[in-house]
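These are the residues of each chain, in order.
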Amino acid sequence: MRLDWDRRARVDARYWVSATEEATQASYLDSAERDAAALIEGLPAPPSPEARVLDLGCGCGRLTAPLSARCPQIIGVDVSAEMIAQGRAIYGEGLDLRPCSGVDLAEFEAGAFDLVFSYSVFPHLPPEVAAAYFYEVGRVLRLGGLFRLQFWVGPAHRPAENDTLSIRVYTPQQLEDLAALGGLRVLGLEEIDYRDPILDLCPVWVNLERVDPLAPVAPLASRGAVGAPSDDERGLEYSLQMYLAMRQADRGEIHAAEATLSEAIQLAPDRLEAYVQWATHRIEAGDLMGALKLIRELNERNAAAPIGWIYRARLAEALDLDKEASRALARFHRLPQPPEDLAQEAASVAEALDSKPKTRRKLKRGKPSA
Ligand SMILES: C[S@@+](CC[C@H](N)C(=O)[O-])C[C@H]1O[C@@H](n2cnc3c(N)ncnc32)[C@H](O)[C@@H]1O
């Protein structure tokens, strides 16, 4: 969890916490205002300025910051030290943001809070961590205290256990079972105005109240439980990074776009989209050698991708590295069933290579004698 979210935060914390379509600073701030307002409006009663509030999984403080104006005694905790560092850099010392273990709230005493809230955190948590946290939230809430969280309730949807990005959907019964761990009672659910096109479902805000004793045995979640990202998680993260890089490039932030593409490559080195996109930026900047180096790396990592060999041949030919270009074409032709459009491209590179010696011969013939 920590490594996953640190990695995401390193690229662009604001994008990864708000995931707005525009991926801009303005859309980040808009999302903060909208979500903080919905958080307050849905509470049974407005929180008093003395309320002790915990923002669980606060990221870089997107919601902690606007809520601190109403509830100065707010603390944000997050498993990602990188998110916390960036939040502190954005909002300064006035906002109390702290790294946490990612599985418990051991640093807080029982009954330390009147209100705990959590936005866009629990649906991404491995189920054993979600269970441990429901217990912990109940423990740190005073009796009568409230827990308000964003969640998905509907037909069960369970990505791989170690996935920290894909959305999990819990059934109403599973929500009740989780609530019981923390001695919490579900007060109600409100739909959030966003429909996920794949799940065909809207997320909900859930209000819970601490009314009962905690479960007799605390659920266990081991600290290092989550290892390498699952395949789905990697695929989802890769596409979100590609999307961010595209938006950055649209805004002319080529340096940032290339840094994002570099992170995407580290995440899935055998995928070609980030290499191709990055090489395209290099070509547009007139840096053909930079583009060729990237494509050479792609060839090493994914020798079966036909487009890699065509790009290599084209770039090498343009840089007059004719032997490299010919070898790349040969590798392309040895691939099983290379796509037709790329075969045409290969023919055009071959033609360009063929014409070179002739040009040189012509030049030699036409060279004036001394
Ligand atoms: C999509 S972001 C949302 C951040 C913030 N709640 C907001 O709405 O801006 C999810 C956040 O949950 C944090 N997170 C993930 N797993 C966590 C865990 N086990 N404990 C605490 N924070 C966690 C991540 O580091 C990340 O900052």
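Just so you know, these numbers come straight off a predicted model, no measurement behind them.

Colleague: I'd love a proper account of the pairing of strand β5 (residues 141-151), names of residues and values included.
Modeller: Note: strand β4 (residues 113-118) against β5, five bridges, orientation parallel. Note that in β5 the partner of F117 across the bridge is R148. Considered for its hand, the β-α-β crossover made up of β4, helix α5 (residues 127-140) and β5 is right-handed. When β5 meets strand β7 (residues 204-210), the two strands line up antiparallel, connected through six bridges. When the sheet's bridge partners are listed, L149 is paired in β7 with V206.

Colleague: Please set out the packing of helix α11 (residues 306-318) against helix α12 (residues 322-334) residue by residue, giving values where relevant.
Modeller: Where α11 meets α12, the axes come as close as 8 Å, and the angle between the chain directions of the two elements is 160 degrees. Judged by the angle between their axes, α11 and α12 are roughly antiparallel. Every pair of crossing elements has a handedness; the one defined by α11 and α12 is left-handed. Between α11 and α12, the contacting residues are P306, W309, I310, R312, A313, A316 and E317 on the first element and D322, E324, A325, A328, L329, R331 and F332 on the second. Partitioned by chemical class, the residues of the contact of α11 with α12 number nine nonpolar, no polar and five charged.

Colleague: How would you summarise the site of the ligand if you had to cite specific residues and measurements?
Modeller: Around the ligand, 19 residues are found, and the nearest of them are W5, V17, G57, G59 and R62. For the shell around the ligand, a count of residues per class yields 12 nonpolar, five polar and two charged.

Colleague: An account of the packing of helix α1 (residues 2-18) against helix α4 (residues 81-91) is requested, with residue identities and associated values reported.
Modeller: The N-to-C vectors of α1 and α4 enclose an angle of 30 degrees; their axes lie 7 Å apart at closest approach. Classed by the angle they form, the pair α1 and α4 counts as roughly parallel. For the pair α1 and α4, contact is made by W5, D6, A9, R10 and A13 and by A81, E82, M83 and Q86, respectively. Here the contact of α1 with α4 is built from residues that sort into five nonpolar, one polar and three charged.

Colleague: Got a sec to walk through unusual backbone geometry? Specific residues and values, please.
Modeller: For residues that are not glycine, phi is negative in most cases, and the peptide bond is trans in most cases. The phi angle at A23 is positive, at roughly 55 degrees, despite the residue not being glycine. Mapped onto the fold, A23 is located in the loop between α1 and α2 (25-41). For A23, a count of 22 C-beta atoms within 10 Å translates into the label buried. At S120, a residue that is not glycine, the phi angle is positive and equals roughly 55 degrees. Mapped onto the secondary structure, S120 falls in the loop between β4 and α5.

Colleague: Account for α4, with residues named and values stated.
Modeller: Buried within α4 are the following residues: E82, M83, I84, Q86 and G87. Once α4 finishes, G92 follows within two positions and takes phi at roughly 80 degrees, a positive value.

Colleague: Tell me about the nonpolar core, and name the residues and values.
Modeller: Grouped together as the largest cluster of nonpolar side chains are 96 residues, with contacts concentrated most on V116, F134, Y275, I295 and A313. At nine residues, the largest contribution of residues to this core is made by α5. Here V116 is in contact with L54, L56, V137, V140, L141 and F147, once residues within four sequence places are set aside.

Colleague: An account of the environment of Q266 is requested, with residue identities and associated values reported.
Modeller: Locating Q266 in the fold gives a position in helix α8 (residues 254-267). For the pair Q266 and A343, spaced 77 residues apart in the sequence, the C-alpha separation amounts to 30 Å.

Rules used throughout
- Residues numbered from 1 in each chain as written.
- Predicted model: local features only at pLDDT ≥ 70, side-chain atom pairs only at ≥ 80, totals over all residues.
- Pairing = 2+ DSSP bridges.
- Helix = DSSP H or I, 4+ residues; strand = E, 2+ residues; numbered from the N terminus.
- Right-handed = clockwise from strand over helix to strand, strands pointing away.
- Axes fitted to C-alpha atoms, helices over the stretch in contact; angles between N-to-C directions.
- Parallel < 35°, antiparallel > 145°, perpendicular 65-115°, else oblique.
- Left-handed = near helix turned anticlockwise from the far one by under 90°.
- Contact = placed C-beta atoms within 7 Å.
- Nonpolar A, V, L, I, M, F, W, Y, C, P; charged D, E, K, R; others polar.
- Near = placed C-beta within 6 Å.
- Buried ≥ 20, exposed ≤ 12 C-beta atoms within 10 Å, placed from the backbone.
- Core = buried A, V, L, I, M, F, W, Y, C linked by C-beta atoms within 7 Å.

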